[in-house]
Amino acid sequence: MDIKELERNIGYTFKNKNLLMSALTHTSYAYEHKVESNEKLEFLGDSILEFVSSEYMYSIYKNLKEGEMTKVRATVVCEKSLYKVACKHNFSDFLILGKSEIISGGNKRPAILADSVEAVIAAIYIDGGLEPSKKFIIENLKDEIENATKNVGKKDYKTVLQEELQKNGDVHIEYKILKETGPDHDKTFETQVSLNGKVLAQGKGKSKKEAEMQAAKIALENL
């Protein structure tokens, strides 16, 4: 592992390099080699991430209500966002995995990569304090937070479609996954939405929710 390359990627140089190594050590490797995994660091990193993102929103987005800030934080502090951060900094090249995870492509799994980001955040905090960990979080998530704040007050397409179709009474709206394609770490879902058994539209997305939203959006456009 080229520690210096990873430090350049994340923009922080560790005084204690072992902390960074620990943050990247998955439970599968820890079990095989009887060392500590990154789980405790991940636990701490999750709390730091929530605090820093909350403080950032409170300071920058003064127009947001408490409920809206909660929704934005839930949107941003999630596996999908953290997976993007891990991919941006090539964490997959530096994860320390056990044999089973290496064989199954664990270095590409979103959950493992997202967890490693939280662990690295905690490692930065322990090594250098709150400011460098805060810097890392904000630099990597400020765009996600910005995007989430733009949509927080808007109704989603599924809600709008349901309200539109129920104007004339109760109806049965159903979303059905038609197929899944691609590897586990990069799946594409295809969904259809039906009204009382009649297909209205189909949509695709990188998650089931995204595919359903796309189907609802197209159905609204077709109404």
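Summarised in this report is the structure supplied together with it.

Definitions and limits used
In this convention, every chain numbers its residues from 1, walking through the sequence in written order. Selection of residues for local features in this predicted model requires a pLDDT of at least 70, selection of side-chain atom pairs for listing and counting requires 80 or more, and totals for whole chains, interfaces and linings are taken over all residues. Note that water and hydrogens are dropped before the side-chain values are worked out from all heavy atoms of the structure. Within 6.5 Å between ring centres, the rings of Phe, Tyr and Trp (the latter by its six-membered ring) count as paired, and their orientation is classed by plane angle as stacked under 30 degrees, edge-to-face over 60, tilted in between. To sort residues, take the accessible area from a 1.4 Å probe on protein chains only and compare it with the maximum for the residue type: under 20% means buried, over 50% means exposed, and anything in between is partly exposed. Throughout this description, the term charge over a ring refers to an Arg CZ or Lys NZ atom that lies within 6 Å of the ring centre and within 35 degrees of the ring normal. Note on geometry: axes are lines fitted to C-alpha atoms, helical ones only across the stretch in contact, with angles between N-to-C directions running from 0 to 180 degrees. What counts as a helix is a DSSP run of H or I of at least four residues, what counts as a strand is a run of E of at least two, and both are numbered from the N terminus. Convention used here: angles under 35 degrees read as roughly parallel, angles over 145 as roughly antiparallel, angles from 65 to 115 as roughly perpendicular, and any remaining angle as oblique. By definition, turning the near helix anticlockwise from the far helix through less than a right angle yields a left-handed crossing, and turning it clockwise yields a right-handed one. A contact between two residues is defined here by any heavy atoms of the two lying within 4.5 Å. Think of it as three bins: nonpolar holds Ala, Val, Leu, Ile, Met, Phe, Trp, Tyr, Cys and Pro, charged holds Asp, Glu, Lys and Arg, and polar takes everything else, Gly as well. Salt bridges are defined as contacts in which a side-chain nitrogen from Lys or Arg sits within 4 Å of a carboxyl oxygen from Asp or Glu. Two strands make a pair as long as DSSP finds a minimum of two bridges between them.

1. Topic: the packing of aromatic side chains
Inference 1: On inspection of all chains with the given rule, the structure shows 2 aromatic pairs.
Inference 2: Relative to phenylalanine 14, the ring of tyrosine 12 has its centre 4.9 Å away and its plane inclined at 85°; by these criteria the two rings are edge-to-face. As far as the burial class goes, tyrosine 12 and phenylalanine 14 line up, both buried.
Inference 3: Measuring from centroid to centroid gives 6.4 Å for tyrosine 56 and tyrosine 61, while their planes differ by 75°, and the two rings are edge-to-face. The same class applies to tyrosine 56 as to tyrosine 61, namely buried.
Inference 4: Geometry around tyrosine 175 places lysine 158 over its ring, the cationic atom sitting 4.6 Å from the centre.

2. Concerning the packing of helix α4 (residues 39-60) against helix α5 (residues 66-76)
Inference 1: Packing of α4 against α5 leaves a shortest axis separation of 10 Å and a crossing angle of 135°. The orientation of α4 with respect to α5, classified from their angle, is oblique. Remark: the crossing between α4 and α5 carries right-handed chirality. Of α5, the residues touching α4 (which contributes Glu50, Ser53, Ser54, Met57 and Tyr58) are Met69, Val72 and Arg73.
Inference 2: Split into classes, the residues belonging to the contact of α4 with α5 amount to 4 nonpolar, 2 polar and 2 charged.

3. So, the pattern of salt bridges
Inference 1: Counting across every chain of the model gives 15 salt bridges.
Inference 2: Note that glutamate 55 and lysine 134 form a salt bridge whose closest N and O atoms lie 3.0 Å from each other. Of the two residues, glutamate 55 sits in helix α4 while lysine 134 sits in helix α9 (residues 130-151), which places them 79 residues apart along the sequence.
Inference 3: Residue classification places glutamate 55 among the partly exposed positions, given a relative accessible area of 31%.
Inference 4: When the shortest N-O distance is used, the salt bridge between lysine 206 and aspartate 186 registers 2.9 Å. Of this pair, lysine 206 sits in the loop between β3 (198-205) and α11 (208-222) while aspartate 186 sits in the loop between β1 (173-181) and β2 (188-195), and the two are 20 residues apart along the sequence.
Inference 5: Judged by relative accessible area, lysine 206 falls into the partly exposed class, the value being 42%.
Inference 6: Here the salt bridges share partners, and the residues they tie into one network are Glu180, Asp184 and Lys187.

4. Some points on the sheet that holds β1
Paired through backbone hydrogen bonds, the strands of a sheet run either parallel or antiparallel to each other.
Inference 1: Ordered by their spatial adjacency, 3 strands build an open sheet running β1-β2-β3, and the pairing between neighbours is antiparallel. Looking at the sheet topology across the chains shown, the edges are occupied by β1 and β3. On average, each strand axis in the sheet is tilted by 20° relative to the strand beside it, whichever way the strands run.
Inference 2: Sheet contacts for helix α10 (residues 157-165): β1, β2 and β3; angle to β1, the most-contacted strand, approximately 145°.

Function cannot be read off these values alone, since they describe shape.
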